[in-house]
Structure formats: C-alpha cells, structure tokens
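Structural features, examined
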Number of protein chains: 2
Amino acid sequence: MVKLAILGFGTVGTGVAEVLSQNAQTINAHAADTIELKYILDIRDFPESPFADKVIHDFSVIENDPEIRIVVETIGGLRVAYDYTKRALLAGKSVVTSNKELVAERGAELIKLAREKNVNYLFEASVGGGIPIIRPLTQCLSANDIHEITGVLNGTTNYILTRMQKDGVALETALKEAQENGYAEANPSADIDGPDACRKICILADLAFGHHIAPSAVTTEGISGITQQDMQYAKDAGYVIKLLGRVVRRDDGRINILVAPHLVPMERPLAGVSGVFNGIVVIGNAIDEVMFYGRGAGKLPTASAVAADVIDAAKHLVSRKFIDWSDDAPDFVADTNEMIYRYCVRLGNCTAAQVLAVFPHAQSVTETPEYTAFITDPASARDVERKIDRLCADGAVQQSRIRILD
Amino acid sequence: MVKLAILGFGTVGTGVAEVLSQNAQTINAHAADTIELKYILDIRDFPESPFADKVIHDFSVIENDPEIRIVVETIGGLRVAYDYTKRALLAGKSVVTSNKELVAERGAELIKLAREKNVNYLFEASVGGGIPIIRPLTQCLSANDIHEITGVLNGTTNYILTRMQKDGVALETALKEAQENGYAEANPSADIDGPDACRKICILADLAFGHHIAPSAVTTEGISGITQQDMQYAKDAGYVIKLLGRVVRRDDGRINILVAPHLVPMERPLAGVSGVFNGIVVIGNAIDEVMFYGRGAGKLPTASAVAADVIDAAKHLVSRKFIDWSDDAPDFVADTNEMIYRYCVRLGNCTAAQVLAVFPHAQSVTETPEYTAFITDPASARDVERKIDRLCADGAVQQSRIRILD
C-alpha cells in the first residue's frame with residue numbers, strides 16, 4: 001500500500017483523483033502495489049465531490065504523516081507550489097508535478113534536493129500534457145547525441161493558428177473562441193506571447209543538454225503579429241504557420257533556443273499537428289527523427305501523465321530515477337540572431353523589383369497592392385535585418401518577418 | 001564497468017557496436033557506469049571491421065564468462081536466437097533484442113525465465129525500430145485502460161504504398177525499387193503479406209492486454225491485391241491506403257486483432273506517415289489518442305533502441321523491469337469477421353444502379369467502364385459479404401474490398 005496526497009484540487013488535481021479511482025485496477029497492477037489517495041489539499045471545500053472526505057486545508061498534516069510517500073503537486077505557479085514541494089521533498093516524500101513553470105524555473109534545485117533525500121521529483125505532465133516525452137527522451141533516446149528538439153508545445157496558440165489557417169478567421173476571433181471553449185485563459189498572455197511554450201522547451205533542453213536554461217534567457221516571440229495575409233502567403237508557398245519551441249545544438253557545443261512562429265513545410269510531420277494537439281520532434285544522431293503526438297493539455301490527458309509518474313514513484317520509493325541536470329552554464333545559450341534561417345518577409349510600400357534589387361535570390365516573390373512578400377536565402381537575423389533596413393530607408397515598411405523551418 | 005556481448009554481427013549488430021562506440025560518452029553518462037563491448041559472436045570473421053578483435057565463434061565462451069552481464073541478440077529468427085537467449089538468461093545475464101519474431105512467438109516464456117533468474121529481457125527495438133513505443137506503452141501510459149492500438153508497422157509496405165499513391169507507379173515497380181534500395185528482402189513475403197506487421201501488433205497487444213497472442217491467431221492480409229484503381233478511388237474519396245496492424249479491446253473484454261490494408265482518412269495523423277516511416281497510435285481512456293512516429297527500421301535507428309535497452313539493463317542488473325504478460329488465454333481473440341467496419345468495395349460487371357439496389361446507403365459511388373466502386377455502411381464482414389454475394393450471383397465480380405479506418 002502506497003499512500004499519496006494531491007495538492008491543489010483544480011482541473012488537473014481533480015483529473016488525477018478521477019484517473020486513480022477509475023483506473024485503479026490497471027494502475028495497481030502496473031505499480032505491483034495498491035495506491036491509495038489519502039488527502040487532497042486545497043483552500044476550498046468540495047462538499048459535492050466524491051472525494052470530499054479527503055479534503056484538508058493544512059499542509060503540515062501531509063508533511064508530518066509518515067504514511068504519505070508521494071505528493072502530487074497540481075497547484076501551479078512558483079510560490080506555494082515551491083514551498084510545499086520543497087517541504088515534501090525534505091520530509092522524504094517523492095513529488096510528482098504538472099507544474100511547468102516551477103520545473104522550468106527551479107527544477108535543477110528541486111531535483112538536487114530530491115537526490116539528497118533519495119526520493120524522486122517527476123514531471124512527465126509538465127511538457128506535452130499526456131504525451132509521453134520526458135521518459136522517451138531520457139530513457140528510450142538515451143543512446144543518442146541529441147541534435148535538436150522542435151515542437152508545437154502550446155495547444156491554445158495551435159488551435160488559434162489552425163482556425164486562422166483552415167477557416168480564414170482573424171486571430172482575435174479565434175482567440176475569443178478558444179476562451180469560450182476553455183482552451184485559453186481570460187488573460188491569454190502566457191499562451192499567446194509564448195511564455196508557456198518557452199517553459200516547456202526549457203525543460204526539454206534542460207533534460208537533453210544537461211544544463212538549466214533560464215526561461216528569461218530564451219528569445220520568445222508570440223503569435224499576436226500573425227495575420228491572414230501571412231497565413232495565405234504561407235499556404236500558397238506550401239507552408240503552414242506554427243508557434244514552435246526549438247532548441248538546436250551547435251557545433252561549438254552551445255545551444256540556440258527560441259520560441260517563435262515558423263513557416264513549416266506542409267509535408268513535415270509537425271505541419272499535421274492541428275488544433276489543440278501538440279507534437280514534439282526529437283532529432284538524434286542514431287534515431288534520426290522521431291515525433292511524439294497527442295493532447296498537450298486537458299484534464300484527463302494531463303492526469304494520465306501525472307498518474308504514470310505516481311506509478312513510477314511508487315515503484316521507485318527508495319531508488320532514484322536518473323533524471324538530472326546541473327545549474328546554468330554561463331554562455332551555454334548562444335545568440336539567437338546567429339541562427340541561420342530562411343525568412344518569409346512581407347513589406348508594405350515596396351515593389352517586387354525593389355525587393356529583388358536587395359534580395360537577388362528571393363523566392364516566391366508576390367506583389368500585391370498592399371505588400372510584397374518573399375522568402376530569403378538562409379542567413380542570420382542580422383544579415384536579413386540589414387538588408388531590410390536598406391529597403392526601409394527607401395520607404396518600405398516591414399509588416400512581418402517569420403522564420404522558416406527547413 | 002558493465003561488459004556485454006553482441007550475438008550476430010549483421011546490420012543491426014553492427015549498428016549497435018557503432019552506436020555504443022560513437023556515443024560512448026552519452027551512453028555511459030546515462031548508465032552512470034562504463035559499458036564495454038567484450039565479444040561479438042558470429043559464424044563469420046570480420047578482418048576489416050574496427051571490432052575484428054572482439055569476434056568469437058563459440059557461444060559457450062560468452063555463456064561461461066561471469067563478466068558478461070548483458071547479451072544483445074541480433075541474430076533474428078527462432079532457432080539459434082532462441083537457444084542462445086535461453087542459455088544466456090539461464091546463466092543469469094540480461095538479454096536485449098531486436099528480434100520481433102522471437103518475442104512475438106516465445107516472449108511469454110522468455111520473460112518468465114528472465115523473471116525466475118531476476119534478470120531482464122528487453123525488446124524496445126522489436127517494434128517500430130528506433131521509435132520509443134514499448135516503454136511509453138508500459139510506463140508512460142500505464143495509468144490508462146488501453147482501448148486500441150493501430151499502427152503503420154512495416155516500412156517496406158508503407159514505402160511501396162506511398163510510391164503507388166504519390167507517384168502512380170504499380171505495386172510491382174515500387175516493390176522492385178524497394179528491393180534495389182535495400183528496404184525489401186529478395187523474398188519480400190514477410191513484409192508484403194503481413195507477417196512482419198503481425199508480429200509487431202502481437203507484441204503490442206501482449207503488452208497492452210497482458211496475454212500472449214499467437215501470430216497464427218491473427219487475421220493477416222497483405223498488400224499484394226492493392227491496385228492503382230484502389231489508390232485513385234481512395235484519393236478521390238479523401239483517403240490514403242495504409243497497411244495497418246490493429247488491436248481493439250471489445251466491450252466483452254476480448255480483443256479483435258488484425259493486419260490488413262485500410263483506407264485512412266487524410267486528416268488522421270496516420271495518413272501522414274509516409275515512405276519508410278512508421279507511426280503507432282495508442283488510444284487510452286485518459287490519454288485519448290497519442291501517436292509515436294519515426295524510422296521503423298534501419299541500422300542506426302534500430303541500434304538506438306537496442307542501446308537504450310542496454311543502458312536500462314545496465315541500470316537494472318539486479319532489479320527487474322515490470323514488463324510482463326501471461327500465456328495464451330483461450331477465446332481471448334475474437335472473430336475478426338465480427339468487427340464493424342465500413343468497406344470500400346470495387347466490383348466489375350456491375351452498375352451503380354445494381355449496387356444501390358443492394359447497398360441503398362452506399363457512398364461515393366463511382367461507375368467506370370471497368371468497375372463500380374463504393375463505400376458501405378458500417379457492418380460486419382459477414383453482412384457485407386452476404387450482400388456482395390447477391391451481386392455476384394447476378395454476374396458481378398469482386399475486384400477488391402478494403403476496410404476503412406473510421
């Protein structure tokens with residue numbers, strides 16, 4: 001018998017309680033033990049819930065109960081979640097979480113603490129919701145030198161971009177819809193502006209490359225600048241637009257890491273990742289390319305990943321899983337502007353002839369009354385910017401500039 | 001220091017030696033130990049190989065060397081591979097394999113033997129080549145009741161079908177090409193007729209549902225009957241044709257399992273799995289749908305999966321991994337003809353009017369001088385067959401009948 005507590009009875013916490021209860025037989029068989037939910041910690045009461053009798057309000061009850069071996073943290077955020085996680089680990093309990101913000105910001109410290117206490121800190125649900133990615137990356141692909149990880153990591157923005165692309169609606173309309181459907185928060189900034197995807201690509205980079213990457217060190221661009229013109233041009237040129245988190249190992253051993261909208265060639269697997277789904281491509285020197293695809297969010301898919309970690313923690317109560325990374329390394333993250341990309345550029349008040357004078361190898365050049373759009377040669381952001389500046393000096397106005405995933 | 005031996009120095013065996021050598025630093029870091037290749041067993045010598053000095057010809061040297069803790073079996077087939085695997089396990093060594101035939105046929109027995117000796121028998125590479133699927137299925141999705149697994153499991157047939165679909169070549173031409181490119185054997189029957197995919201879906205079913213499924217119990221249809229007419233009709237109706245391995249849990253607790261060509265709707269993720277790539281969709285009650293995509297064969301991708309198992313075996317020299325299934329259960333596999341499918345049917349010497357008289361709800365009915373093709377309502381194979389028999393009694397000739405993945 002392994003007893004656990006859930007901290008935070010919101011969407012994911014409720015899902016975990018439900019999955020543990022509904023799939024108890026399967027879960028206990030896999031754990032080769034009986035897993036029992038003993039407490040649910042929340043500031044609220046839930047008199048209508050079938051789990052009402054497990055709800056408590058005082059964390060110290062959990063902290064001081066030696067029967068509790070596993071704590072599931074589904075509070076989210078950095079404050080209370082951090083405090084309770086630390087105290088649970090210090091009390092010798094394994095902690096399982098879906099809290100990407102906490103893992104991305106303080107993962108190195110919490111893993112170190114778990115190691116010192118010979119318990120586990122597991123977070124499969126923090127990236128890709130229910131999609132298995134943390135274990136595959138750290139175990140199944142562990143014989144590879146990882147070259148790159150690129151993923152559609154945020155379901156909300158992918159829903160919006162898919163609606164814009166397939167149905168021609170404006171970004172604002174699609175966002176409102178996403179909010180009505182519960183895919184987006186009232187304040188959608190963490191999705192729309194990229195921080196959510198940024199935390200996830202940081203966690204993947206931490207695991208793949210062994211150093212903590214601070215989210216603040218990552219170039220992060222959101223989707224708010226994407227228009228129907230961009231969508232239409234991309235489509236005509238054989239691309240779809242996706243918000244990608246991307247980390248690439250460089251020849252000098254450092255990495256480039258960013259979150260930004262990209263044009264993705266339609267024949268690439270990531271181009272087929274539509275709606276609220278996520279897809280994560282990992283490229284290694286032996287495996288070549290693999291993709292993991294599924295529901296990147298939602299109550300039950302996320303709970304599925306949390307519950308799998310619970311099973312794993314129950315099987316490894318006194319032996320540590322080999323999930324690890326070290327502190328920040330100075331200069332490990334290289335300048336994003338050095339990355340070589342082709343760009344899709346849209347300029348107002350500029351003719352195709354003017355474009356071709358400065359970008360003689362431009363491709364898919366399309367002149368309309370409102371703009372001229374084209375695709376550059378592969379170049380650094382600086383080189384492209386310098387050339388665009390020349391056109392702007394002659395009166396052109398940059399309307400958009402989007403990277404292309406080649 | 002953990003020492004290992006490779007049995008069989010063919011394509012995969014060579015790949016394993018190369019990956020262990022090239023990625024030694026990464027591998028040793030993940031194993032938290034040094035993994036050293038001590039012997040390579042083969043009947044041949046390889047004087048030109050960088051590993052020539054490790055080649056031996058007598059298995060008993062490996063069997064009797066207490067330093068050898070892990071044996072990699074990349075011989076293939078059922079005879080020698082079975083004998084050596086058994087002897088290695090009996091000698092207390094963990095065994096890692098890519099041999100899908102052996103796992104599908106004798107997995108239950110070998111896992112049982114491994115359990116008795118407290119060692120591991122691992123086979124991530126046996127399904128999906130380098131794609132992580134065994135661990136994700138047994139660990140990451142372990143909190144789910146699995147409903148269905150459906151996959152493009154054979155790269156050779158998928159290459160052929162993709163060439164037929166995208167470039168309009170005939171099956172024979174595409175097969176010849178596949179043989180020239182090394183994707184298909186001189187005797188392509190194991191690919192073309194479905195046995196290879198059958199072994200893989202059996203292994204996945206074994207793991208997901210806990211009972212050994214004998215490959216001989218699985219309805220297995222290959223692709224040799226697929227023509228350009230089928231391809232063209234499928235395309236016009238919004239489908240692509242894929243050879244799928246499929247296992248579905250029924251409400252009565254039994255399973256349906258088959259390997260057969262299917263029409264896959266173009267918007268489904270599996271439809272985008274092209275060329276030699278594999279894709280495996282798993283549907284569980286919490287996770288909904290996840291897909292694993294990548295190279296399902298090839299020297300280095302397969303070696304990547306073998307090497308990951310080697311790392312795992314090295315980390316679990318004296319503790320068992322929870323991979324398990326029991327012997328065959330009588331009546332566990334239900335009659336495939338009971339499965340409810342829509343079918344795409346093509347009949348010669350039959351008009352659209354005649355079809356509609358028997359199949360009043362037929363969809364996408366297309367009459368040409370050579371045939372009339374249509375899509376049935378969902379029905380059992382028996383019901384559809386009975387109706388087609390009525391048309392055949394009036395002179396119609398069945399040219400093809402293909403299931404549709406809905």
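Not measured: the values here are computed from a predicted model.

Cut-offs used in this document
Residues numbered from 1 in each chain as written. Chains lettered and ligands numbered in written order. Predicted model: local features only at pLDDT ≥ 70, side-chain atom pairs only at ≥ 80, totals over all residues. Heavy atoms only, no water. Contact = heavy atoms within 4.5 Å. Buried area = accessible area lost by both parts, 1.4 Å probe. Salt bridge = Lys/Arg side-chain N within 4 Å of Asp/Glu carboxyl O. Polar contact = N/O pair within 3.5 Å; in protein donor to acceptor, adjacent residues only side chain to side chain. Least-squares fit on C-alpha atoms with pLDDT ≥ 70 in both. Axes fitted to C-alpha atoms, helices over the stretch in contact; angles between N-to-C directions. Helix = DSSP H or I, 4+ residues; strand = E, 2+ residues; numbered from the N terminus. Parallel < 35°, antiparallel > 145°, perpendicular 65-115°, else oblique. Left-handed = near helix turned anticlockwise from the far one by under 90°. Nonpolar A, V, L, I, M, F, W, Y, C, P; charged D, E, K, R; others polar. Buried < 20%, exposed > 50% of the residue type's maximum accessible area, 1.4 Å probe, protein only. Lys, Arg positive; Asp, Glu negative; His and termini not counted.

A few words now on the interface of chain A and chain B. Interfaces are often sized by the amount of accessible area the parts lose when they come together. With 42 residues of chain A in contact, the opposing surface of chain B contributes 42 residues. When chain A packs against chain B, the two sides together hide about 3700 Å² of surface, and 57% of this comes from carbon and sulfur. Where chain A meets chain B, there are two salt bridges. Residue aspartate 288 of chain A is joined to arginine 295 of chain B by a salt bridge in which the shortest nitrogen-to-oxygen separation is 2.5 Å. At the junction of chain A and chain B, the tally comes to 14 residue pairs in polar contact (both at pLDDT 80 or more).

What follows is about the relation of the copies chain A and chain B. At an RMSD of 0.0 Å, chain A and chain B line up after a rotation of 180° and a shift of 0.0 Å along the axis. Accordingly, the operation relating the two chain copies is best matched by a two-fold axis. Identified as the residue of chain A closest to the rotation axis by C-alpha distance is phenylalanine 292 of chain A, at 2.5 Å. Looking at the interface residues of chain A, 100% of them are also at the interface in chain B, so both copies use one shared face.

Moving on to the packing of helix α1 (residues 11-22) of chain B against helix α12 (residues 299-315) of chain B. All names here are of chain B. Packing of α1 against α12 brings their axes to within 8 Å, and their N-to-C directions diverge by 65°. If you check the angle between α1 and α12, you find them roughly perpendicular. Here the hand of the crossing between α1 and α12 comes out right-handed. Only Lys299, Leu300, Thr302, Ala303, Val306 and Ala307 of α12 make contact with α1, whose side of the interface consists of Thr11, Val12, Thr14, Gly15, Val16, Glu18, Val19 and Leu20. Of the residues contributing to the contact of α1 with α12, the split by class is eight nonpolar, four polar and two charged.

Looking at where glutamate 289 of chain A falls in the secondary structure, it is placed in strand β12 (residues 288-295). The side chain of glutamate 289 of chain A sits in the buried core without any salt bridge; arginine 268 of chain A is the nearest counter-charge, 4.7 Å away. Leave out the neighbours within four places in its chain, and glutamate 289 of chain A touches Pro269, Val281, Val282 and Ile283 of chain A together with Phe277, Tyr293, Gly294 and Arg295 of chain B.

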